[in-house]
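# Close look at the chain arrangement
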Amino acid sequence: MEIVLLPTPEDCARVVADAVAGSVAAARADGPVALGLATGSSPLLAYRELLARHRAGEFPTDGVTGYLLDEYVGLPAGHPESYLQTIRREITDELGIEAHGPDGAAADPLRAALDYEERLRAAGPVAVQVLGIGANGHVGFNEPGSSLVSRTRVKTLTERTRTDNARFFGGEVDAVPRHVLTQGLGTIRDARHLVLVATGGAKAAAVAEAVEGPLSASCPGSVLQLHPHVTVVVDEAAGSRLTRAAYYRYVLAHKLPAQGW
Ligand code: F6R
């Protein structure tokens, strides 16, 4: 696992864009590419950076299809705060690529979870998966207690996560759906490269627990420790509780030219 500690969120965005663009470019040589996209605030600057590179012709996306991590259950199809609409608005429309996610509007969400798992299996493996982390350590919507080998399924959000996400629903916690469809931690691990980005002090405890804490369902983010190719990109605030920060900086400063992301 590579931990990249950088001064600002803008610096993080550039490294995340480098990592994503590098993995996509490598995978494009072998055919169609599944690009895993997280929703939420954490990757937004990186998405803007990727869009700027795309406009400049530096991030070609033909053959690339976007796949979401998760979706709310019960929002009508086309709802502006559904994750599919959000990701289209934030990145995939302008990249000129299709995006797919679990069908949270399906009459049978349990079936929709299995269908999405199957769709990912057919399209995958995901070449690179962008991840954020919740303040409680969740990745995707795998709340604490989620099995480290879970597959796509229905989950119930914690009140903490609903409160955190109320900002997207006019501040109204009651407007945030209780249930979601999310790739499981086992599903996420199937991606070839995981790139997690976190910024701000509110994420510091979750980042430290995920990266340096014990492997545990109590911190779903700790599943990163089981993956052979992980890039964790954090600003000073989000990395402020990492005990090995000096070593991570040392590693970054002495990276061999041949070592990409
Ligand atoms: C989003 C997702 C979540 C978020 C996490 C952090 O698709 O799966 O795990 O990445 O809740 O959210 P932000 O980035 O808004 O702080």
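Turning our eyes to something else, we now look at the site of the ligand. The environment of the ligand is formed by 16 residues, the closest being Ser-42, Asp-70, His-138, Gly-140 and Lys-203. Between the ligand and Ser-41 there is a distance of 2.8 Å, counted from an oxygen atom to a backbone nitrogen or oxygen. If the ligand stood free it would expose 410 Å²; the protein chains cover 93% of that surface.

One pass over the full model with this rule turns up 14 salt bridges. Where Asp-62 meets Arg-28, a salt bridge forms, and the shortest distance between an N and an O atom there is 2.9 Å. Remark: Arg-28 occurs in helix H1 (residues 9–28) and Asp-62 occurs in the loop between helix H2 (44–55) and strand S3 (64–68); sequence separation between them is 34 residues. Classification of Arg-28 by relative accessible area gives partly exposed; the value is 27%. Linking Arg-151 and Asp-190 is a salt bridge whose minimum nitrogen-to-oxygen distance equals 2.7 Å. In this pair, Arg-151 sits in the loop between strand S6 (128–131) and strand S7 (153–156) while Asp-190 sits in the loop between helix H6 (185–189) and strand S9 (194–198), placing the two residues 39 residues apart along the sequence.

This brings us to the packing of aromatic side chains. Within the structure shown, the criterion is met by five aromatic pairs. Relative to Phe-169, the ring of Tyr-72 has its centre 5.5 Å away and its plane inclined at 80°; by these criteria the two rings are edge-to-face. Within this pair, whereas Tyr-72 is found in strand S4 (residues 70–72), its partner Phe-169 is found in the loop between helix H5 (159–165) and strand S8 (179–182), the two being separated by 97 residues in sequence. Side by side, Tyr-72 and Phe-169 carry an identical accessibility label, which is buried. A ring pair is formed by Tyr-83 and Phe-141, whose centres lie 5.7 Å apart and whose planes are at 20°; its orientation type is stacked. Of the two residues, Tyr-83 sits in helix H3 (residues 83–95) while Phe-141 sits in the loop between S6 and S7, which places them 58 residues apart along the sequence. Just as Tyr-83 is buried, Phe-141 falls in that class too. The rings of Tyr-72, Tyr-83, Phe-141 and Phe-169 are connected pair by pair, giving a single aromatic cluster. In this structure, Lys-255 packs its charged tip against the face of Trp-261, placed 3.5 Å from the ring centre.

Turning next to the side chain of Ser-146. You can see Ser-146 is positioned in the loop between S6 and S7. When neighbours within four sequence positions are excluded, Ser-146 is seen to be in contact with Arg-153, Lys-155, Leu-185 and Ala-217.

As summarised here, the arrangement of the three strands in space is S4-S8-S7, forming an open sheet in which the pairing is antiparallel. Each edge of the open sheet carries a strand with a single partner, namely S4 and S7. When the angles between neighbouring strand axes are averaged without regard to direction, this sheet yields 30°. As paired elements, S7 and S8 share four bridges and run antiparallel to each other. Paired with Lys-155 across the two strands is Val-180, which belongs to S8. Here helix H4 (residues 109–123) sits on the sheet in contact with S7 and S8, set at roughly 125° to S7.

Per-residue pLDDT for the protein chain has a mean of 97; in total, 100% of the residues score no lower than 70. At the low end of the mean pLDDT range in the protein chain sits H5, at 94; at the high end sits S9, at 99.

One broad trend across soluble globular proteins is that nonpolar side chains are buried collectively. Among the nonpolar cores identified, the biggest contains 76 residues, and Tyr-72 and Leu-242 are the most heavily contacted of them. In terms of residues, this core owes the most to one element, H1, which gives nine residues. Setting aside residues no more than four positions away along its own chain, Tyr-72 makes contact with Glu-81, Tyr-83, Gly-104, Phe-141, Leu-157, Asn-165, Phe-169, Val-176, Pro-177, His-179 and Val-180.

Cut-off values and rules
Residues numbered from 1 in each chain as written. Predicted model: local features only at pLDDT ≥ 70, side-chain atom pairs only at ≥ 80, totals over all residues. Heavy atoms only, no water. Near = heavy atom within 4 Å. Polar contact = N/O pair within 3.5 Å; in protein donor to acceptor, adjacent residues only side chain to side chain. Areas by Shrake-Rupley, 256 points an atom, 1.4 Å probe, with all protein chains shown as cover. Salt bridge = Lys/Arg side-chain N within 4 Å of Asp/Glu carboxyl O. Helix = DSSP H or I, 4+ residues; strand = E, 2+ residues; numbered from the N terminus. Buried < 20%, exposed > 50% of the residue type's maximum accessible area, 1.4 Å probe, protein only. Phe/Tyr/Trp six-rings, centres within 6.5 Å; stacked < 30°, edge-to-face > 60°. Lys NZ or Arg CZ within 6 Å of the ring centre and 35° of its normal. Contact = heavy atoms within 4.5 Å. Pairing = 2+ DSSP bridges. Axes fitted to C-alpha atoms, helices over the stretch in contact; angles between N-to-C directions. pLDDT = per-residue confidence, 0-100. Core = buried A, V, L, I, M, F, W, Y, C linked by side-chain atoms within 4.5 Å.

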